[in-house]
Amino acid sequence: MSFIAFEPSPPFSAPLPAAAVVENDGFYIDIHLSQMRDAERLDGTVTEIRLRQAVIAAILHVNHELRDWKLEQIAAGFASLAAVPADRVDRESVNVSHYRRAVYCWAKADLTERYRDFDSTASSLSDKKTMEALDNSPSDQRRNAHWAIANIMGRSHMTVELI
């Protein structure tokens, strides 16, 4: 019999230390690591350092994808993503929600690919369906990130596969 103990995630309502926030460029929102842990169901097997590294890489990617769009918004006089006119849900701009989703999904895809075993246990490794789900997970997460970026830019979703 074996026992594996995982470090519990901090409670959502706990105050966030400065290190638990990845500061963005001022136009886009900062990313709170504990909120991402809760939203993406990441447990203590993903260390703070690994999560921070994945979130920074995701922010860099998403910001690069939105670079021209951002410059257009700044030229139109909008100082932040939240200031760009958009519908609101739960008192928040849908663009902010889409941005957060894009970063979360891209970071989780990276984590799932690089640390595949963080989402599985030894008992599930023999389960073919579980392994196939893990193989598809990063591409599904990246698709969701691309769709969130397309939503911000006002583009339609399109998926093309070459055979």
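Reading the values: rules and limits
- Think of each chain on its own: its residues are numbered from 1, step by step along the sequence as written.
- Reporting of local features is limited, given that this is a predicted model, to residues whose pLDDT is at least 70; pairs of side-chain atoms are given and counted only at 80 or more, and all residues count toward the totals for whole chains, interfaces and linings.
- Hydrogens and water molecules were not included; the side-chain quantities draw on all heavy atoms of the structure.
- Within this scheme, the nonpolar core is defined by two criteria: the residues are buried Ala, Val, Leu, Ile, Met, Phe, Trp, Tyr or Cys, and they are joined through side-chain atoms within 4.5 Å.
- Categorising residues by exposure relies on relative accessible area from a 1.4 Å probe, with only protein chains included: less than 20% of the type maximum marks a residue as buried, more than 50% marks it as exposed, and the intermediate range marks it as partly exposed.
- A run of DSSP states H or I qualifies as a helix once it reaches four residues; a run of E qualifies as a strand once it reaches two. Both are numbered from the N-terminal end.
- A contact between two residues is defined here by any heavy atoms of the two lying within 4.5 Å.
- Note on definitions: salt bridges are taken to be side-chain nitrogens of Lys or Arg within 4 Å of carboxyl oxygens of Asp or Glu.

### Examining the nonpolar core
Point 1. I31, L51, V55, L81, Y99 and V103 are the most contacted members of the largest nonpolar core, which totals 33 residues.
Point 2. Secondary-structure elements contributing two or more residues to this core are helix 1 (33–40), helix 2 (48–65), helix 4 (94–114) and helix 5 (128–153).
Point 3. In terms of residues, this core owes the most to one element, helix 4, which gives nine residues.
Point 4. Excluding residues that lie within four positions of it along the chain, Y99 makes contacts with N24, Y28, I29, I31, I59, V62, N63, L66, L81 and I152.

### Section: the pattern of salt bridges
Point 1. All chains considered together, the criterion is met by seven salt bridges.
Point 2. Across the pair D25 and K70 runs a salt bridge, and its minimum N-O distance is 2.6 Å. Placement of D25 in the loop between strand 1 (21–22) and strand 2 (31–32) and of K70 in helix 3 (residues 67–75) is noted, with a sequence separation of 45 residues between them.
Point 3. The exposure class assigned to D25 is partly exposed, which follows from its relative accessible area of 40%.
Point 4. According to the relative accessible area criterion, K70 is buried, its value standing at 17%.
Point 5. Among the ionic pairs, R143 bridges to D140, the shortest N-O distance being 3.8 Å. In this pair, R143 and D140 are both assigned in helix 5, three residues apart and thus about one turn of the helix distant.
Point 6. Residue classification places D140 among the partly exposed positions, given a relative accessible area of 33%.

### What to know about unusual backbone geometry
Point 1. One non-glycine residue, R41, lies in the positive phi region at around 55°.
Point 2. Structurally, R41 can be placed in the loop between helix 1 and helix 2.
Point 3. The exposure class assigned to R41 is exposed, which follows from its relative accessible area of 72%.
Point 4. Its identity is not glycine, yet D90 carries a phi of approximately 55°, on the positive side.
Point 5. Looking at the element boundaries, D90 is found in the loop between strand 3 (88–89) and strand 4 (92–93).
Point 6. You can call D90 exposed: its relative accessible area is 73%.

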